[in-house]
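Descriptive structure summary
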Amino acid sequence: MSSPYLSYIEEKMRTKRFRESTIRSYRQWIKRFILFNHKKHPSDLHNHEVEQFLSHLANQRNLAPQSQAVALNALVFLYNEVVNKPLSLQLDFRHSKRQAKLPVVLTRQEVTALIDALSPPHELMAQLMYGSGLRKTEMLRLRIKDIDFDYFGIEVWDAKGGKHRRVTLAKSLVTAIQKQITVAYQYYQSDKLKNEYAGVYLPYALAKKYPAAPHDFAWHYLFPSHSLSKDPNDGCIRRHHLDPSGIQKALKAARTKTHIGKPITCHTLRHSFATHLLQRGTDIRTIQAQLGHSDIRTTQIYTHVLNMGADGVASPLDMV
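Below, the structure is looked at part by part.

Procedures and definitions
- Residues numbered from 1 in each chain as written.
- Predicted model: local features only at pLDDT ≥ 70, side-chain atom pairs only at ≥ 80, totals over all residues.
- Heavy atoms only, no water.
- Buried < 20%, exposed > 50% of the residue type's maximum accessible area, 1.4 Å probe, protein only.
- Helix = DSSP H or I, 4+ residues; strand = E, 2+ residues; numbered from the N terminus.
- Arc of directions from axis to C-beta.
- Polar contact = N/O pair within 3.5 Å; in protein donor to acceptor, adjacent residues only side chain to side chain.
- Axes fitted to C-alpha atoms, helices over the stretch in contact; angles between N-to-C directions.
- Left-handed = near helix turned anticlockwise from the far one by under 90°.
- Contact = heavy atoms within 4.5 Å.
- Nonpolar A, V, L, I, M, F, W, Y, C, P; charged D, E, K, R; others polar.
- Pairing = 2+ DSSP bridges.

**A closer look at helix α12 (residues 284-291)**
Residues I287, Q288, Q290 and L291 constitute the buried set of α12. In an axial view of α12, the angular spread of the buried residues amounts to 165 degrees, which keeps them on one side of the axis. A side-chain oxygen of the first residue of α12 lies 2.9 Å from the backbone nitrogen of R285; this N-cap is D283. Immediately downstream of α12, the backbone of G292 shows phi near 80 degrees, a positive value.

**Quick word on the packing of helix α6 (residues 122-132) against helix α11 (residues 266-279)**
α11 packs onto α6 with a crossing angle of 35 degrees between their chain directions and a minimal axis gap of 7 Å. Two packed elements cross with a definite hand, and for α6 against α11 that hand is right-handed. Two secondary-structure elements touch here, α6 through A126, M129, Y130, G131 and S132 and α11 through C266, L269, R270, S272, F273 and H276. A breakdown of the residues in the contact of α6 with α11 according to their chemical character gives six nonpolar, four polar and one charged.

**With respect to the environment of D216**
Considering the arrangement of structural elements, one finds D216 in the loop between α9 (204-209) and β4 (229-230). Looking at D216, the relative accessible area reads 36%, which means it is partly exposed. Separated by 16 residues in sequence, D216 and V200 have C-alpha atoms that sit 8.4 Å apart.

**Comments concerning the pairing of strand β2 (residues 153-156)**
Relative to β2, strand β1 (residues 147-148) runs antiparallel, the two sharing two bridges. Bridge assignment links I147 to a residue of β2, and that residue is I154. The antiparallel hairpin formed by β1 and β2 contains four residues in its connecting segment, where F152 sits at a positive phi of about 50 degrees. Here β2 runs beside strand β3 (residues 165-168); their pairing, made up of four bridges, is antiparallel. Considered in β3, the bridge of G153 is made with T168.

Everything listed is a geometric property; what it means functionally is a separate question.
The following block contains the structure:
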């Protein structure tokens, strides 16, 4: 049975126009915090209990720094917006120091084999993630208007950290994308005939600024869902983008089919994009801009990948 309190927190986040992925993540962390404290109500807990929970995540759970940071953000929201008892700005807890793993990178041959083992639309999805360095969510949220065929670019809006950027579009994908646009247009034509169809989802500020945009094809998703659904924000009937689990399952099946002996996720294609650009001599600042990294040190991890293999230090065994 769903917790009324957690459901209330969900609704609170929706009124503030949080993304569904953020809502799910924050709800999970708040639930774990409550369970950690033996189901005590958050209003009976505060700084000390939050510090203990965050330290537990670092000491006993050995969580990555990013995961611990998300947990902290969830609890800051809880106490700021729900409990109305803001946490101290000087929380004293053990920060996670777990070393970040080096990214898994495929060879060019492995990328080709993997993509060849996929079927539409997953084939095009993988090509966009590898060819443009897109995150999974960035690829799924692409709208028709974001594709620039004239200058071979893709506009990425409201990405991680709320940032916007422009990335390259592989010229070889133009025909495949145009075919996918035709598929999306067929859905659009069908949906227009339904009285209950309220148009595509737009963030609140955009929907207010462009009231006609939800019914404009240019704003519709490049990869539309196969079925209409109810928008949890306002209850309207809309067609969202495809579920993320589809491409994840497709990549897993393709990995099995091609017998690639490396763990593969959607992010592996993004890692491979960056590493292969470095191998070709692309400037690291250019790669940073393409990936949308705020800190150059995040991009520099790909230089470590190159330096650990045949592209870096030669083995002394090969010098004998």
